Amino acid sequence: RRGAPREAPQGERRDTGGLPHQEEQEAHSRQGQGQAVKGRPPREELPLSQTEQNKVLEAAGHHMRQSLSESYWTNMTALRRRFLQYRSNWNPPIVDTPTAIILFVTKQIELVGITPSSALQYCVTLRAAEKRFGAGQIHSQLLTDFERSLRRQGALRPSKQAVPAAPTQMAQARALARGQARKTALTLAWHASARCSDVVRLRVGDVTDKGAHFAVNWAGSKSDPFRLGVNTGVQLPQQAAGHLRSLLTGRPTDKLFPTVSYRTFNAAMRAAHPSLTAHSVRRGALHELLRQGTSLEHMILASRHSAVDGLVRYLPAAELHRVGTTAENSSRLRL
């Protein structure tokens, strides 16, 4: 008939308009939907038995547990290796395992500066390692009391708080930092008692040279969620001030430190000491201001905290009692 498609002879593939295997694809799709295909019986979906379902769930759970526990076993093995190396260096060797664990964890607190929460995790991990690879489960009241004291210290000093940096450590971090821009950024964060993330976000237009000091407009910081801006004055050493003036020649919308990020702050501080982080700059600067006798009223203006409660968490309790301000009555003082 006129207009009817020509049937392809046997053995010849019909033109499907540039779409190869279109008929095969349609057949597979109909078969997947349970429809009958010409010349083939419909595929029947056989439900899994309860035993087969349990096997599938057990295999999936085993794979999930294996992937989750892989890093745990790796860390446990590495920590136990360090512990055994430390224990073998004692002369005469330590026979008592709980005593060796206490001495090893105490040494890590002194040398590396780990927090009480991390030290408690060290004890728990070494207990599990000795149970898995060593002589068996440890029953020691001495080790239990040591873990209990670490738990109390961890409640007073949460693990999220960064270790404050000392002035000598800041000088070492500036000396080890690569590039003058990173050195200047570290100096600005220290003298302004600022968060490193706020220094990274600074624009050229946010800093104004006043001669003897720099006026910095901190916009959109953690304590300024409505981006109203807080102005502070910062005095820098001669070398850092000269380099900062050279950076103010760009456009106001340009980043002040384009090559500096939070990661570079972390790297510079960890090069000075493994226990330090980028937030150690702010905590160390506030500790140094309190050590010099600065009042809390001036410190909260420099740190730009919205309340004294937040500032008190940065400072040691012994120094706060010395200046006559405690965490209990500090909540009355607000900006």
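Residues numbered from 1 in each chain as written. Predicted model: local features only at pLDDT ≥ 70, side-chain atom pairs only at ≥ 80, totals over all residues. Heavy atoms only, no water.

## Some details on the packing of aromatic side chains
Aromatic rings in a pair are described by how distant their centres are and how their planes are angled relative to each other. Basically, it comes down to this: The aromatic pairing rule takes the rings of Phe, Tyr and Trp, using the six-membered ring of Trp, and pairs them if the centres are within 6.5 Å, calling planes under 30 degrees apart stacked, those over 60 edge-to-face and the rest tilted. The secondary structure listing takes helices from DSSP runs of H or I that are at least 4 residues long and strands from runs of E that are at least 2 residues long, numbered from the N terminus. For each residue, the accessible area found with a 1.4 Å probe, counting protein chains only, is set against the maximum for its type, and the residue is called buried under 20%, exposed over 50%, and partly exposed in between.
A complete count under the given rule lists two aromatic pairs for this structure. With a centroid separation of 5.7 Å and 75° between ring planes, the pair formed by phenylalanine 83 and phenylalanine 104 is classed as edge-to-face. Note that phenylalanine 83 is positioned in helix α2 (residues 50-88) and phenylalanine 104 in helix α3 (residues 97-111), a separation of 21 residues in sequence. As far as burial versus exposure is concerned, phenylalanine 83 and phenylalanine 104 are alike and both buried. Ring geometry for tyrosine 86 versus phenylalanine 104: centroids 5.6 Å apart, planes at 55°, classification tilted. Placement of tyrosine 86 in helix α2 and of phenylalanine 104 in helix α3 is noted, with a sequence separation of 18 residues between them.

## Some points on the sheet that holds strand β2 (residues 214-218)
Defined as follows: Two strands qualify as a pair provided that DSSP identifies no fewer than 2 bridges between them. Helix axes are fitted only over the stretch in contact, all axes being lines through C-alpha atoms; the angle between N-to-C directions runs from 0 to 180 degrees.
Reading across the sheet, the three strands line up as β1-β2-β3 and stay open at both edges, with antiparallel pairing between neighbours. At either margin of the open sheet sits one strand with a lone partner, and together these are β1 (207-209) and β3 (230-234). Sheet twist, expressed as the mean angle between neighbouring strand axes with direction ignored, is 20°. Bridging between β2 and β3 involves five bridges; their strand directions are antiparallel. Paired with asparagine 217 across the two strands is asparagine 231, which belongs to β3.

## A look at the pattern of salt bridges
Two side chains carrying opposite charge are able to pair once their charged atoms lie near each other. Heads up, the rule is: Any Lys or Arg side-chain nitrogen found within 4 Å of a carboxyl oxygen on Asp or Glu counts as a salt bridge.
In the structure shown here, the tally under the stated rule is nine salt bridges. A salt bridge links arginine 195 to aspartate 198, with the nearest nitrogen and oxygen atoms 3.4 Å apart. You'll find arginine 195 and aspartate 198 in the same group, each marked buried. A salt bridge links arginine 245 to aspartate 209; the nearest nitrogen and oxygen atoms lie 2.8 Å apart. In this pair, arginine 245 sits in helix α9 (residues 238-247) while aspartate 209 sits in strand β1, placing the two residues 36 residues apart along the sequence.

## Observations regarding the environment of tyrosine 262
Cut-off, in case you're wondering: Two residues qualify as a contact provided that any one of their heavy atoms is within 4.5 Å of a heavy atom in the partner residue.
Relative to the helices and strands, tyrosine 262 resides in helix α10 (residues 262-272). In this structure, the C-alpha to C-alpha distance between tyrosine 262 and threonine 277, residues 15 residues apart in sequence, is 9.7 Å. Residues contacting tyrosine 262, with those up to four places away along its chain left out, are Cys196, Ser197, Val200, Ala278 and His279.

## Points about the side chain of glutamate 288
Structurally, the position occupied by glutamate 288 is in helix α11 (residues 280-291). When its relative accessible area of 13% is taken as the criterion, glutamate 288 is described as buried. Every residue in contact with glutamate 288, bar those within four places of it in the chain, is listed here: Pro167 and Trp190.

## Considerations on the confidence of the model for the chain
Inclusion rule: What pLDDT reports is the predictor's confidence in each residue, on a scale of 0 through 100.
Confidence in the prediction for the chain averages 76 pLDDT; 70% of positions are at 70 or higher. Model confidence for the chain, summarised as mean pLDDT per element, is weakest for helix α1 (residues 22-32) at 51 and strongest for helix α7 (residues 180-192) at 93. Here residues 11-21 scores under 50 on pLDDT; set against residues more than four positions off or in separate chains, the count is seven contacts. Within the model, the stretch residues 31-37 combines pLDDT values under 50 with 11 contacts to residues more than four positions away or in other chains.

## Regarding the packing of α3 against helix α4 (residues 116-133)
The cut-off we apply is this: Two helices cross in a left-handed way if the nearer one is turned anticlockwise from the farther one by less than a right angle. They cross in a right-handed way if the turn is clockwise. We call Asp, Glu, Lys and Arg charged. Ala, Val, Leu, Ile, Met, Phe, Trp, Tyr, Cys and Pro are nonpolar, and the rest, Gly among them, are polar.
One way to put it is that α3 packs onto α4 with a least axis distance of 10 Å and a crossing angle of 145°. Taken as a pair, α3 and α4 cross one another with a handedness that is right-handed. Judged by residue contacts, Thr97, Ile101, Phe104, Val105, Gln108 and Ile109 of α3 engage Ala119, Tyr122, Cys123, Leu126 and Glu130 from α4. Here the residues of the contact of α3 with α4 sort into eight nonpolar, two polar and one charged.

## Some words on α7
The criterion, for reference: Take the number of residues in a helix, subtract one, and multiply by 1.5 Å to get its expected span.
Here α7 is 13 residues long and its end C-alpha atoms lie 18 Å apart, about the 18 Å a rise of 1.5 Å per residue gives. For α7, the set of buried residues is Ala181, Thr184, Ala185, Leu186, Thr187, Leu188, Ala189, Trp190 and Ala192. In the stretch just after α7, serine 193 is the one whose phi turns positive, near 50°.

## Comments concerning unusual backbone geometry
With a phi close to 50°, serine 193 is a non-glycine residue in the positive phi region. Judged by relative accessible area, which is 2%, serine 193 ranks as buried.

## Points about α10
The condition is simple: Of all possible arcs, the one meant is that of the directions from the helix axis to the C-beta atoms.
Taken together, the buried positions of α10 are occupied by Thr264, Phe265, Ala268, Met269 and Ala272. Projected down its long axis, α10 shows its buried positions confined to an angular sector of 130°, all on one face. For α10, the secondary structure elements touched by its buried residues are α6 (167-176), α7, α8 (196-200) and α11.

## So, the nonpolar core
Going by this rule: What makes a nonpolar core is a set of buried Ala, Val, Leu, Ile, Met, Phe, Trp, Tyr and Cys residues whose side-chain atoms join them at distances within 4.5 Å.
Judged by nonpolar contacts, the single largest core of 38 residues is most densely connected at Leu186, Val199, Leu236, Phe257, Phe265, Met269 and Val281. For this core, the secondary-structure elements that each account for two or more residues are α6, α7, α8, β2, α9, α10 and α11. When neighbours within four sequence positions are excluded, phenylalanine 257 is seen to be in contact with Ala181, Thr184, Ala185, Leu188, Val199, Leu244 and Leu247. Counting residues in each nonpolar core, the second largest holds 18 residues, with Ala100, Ile101, Leu126 and Ile138 among its members.

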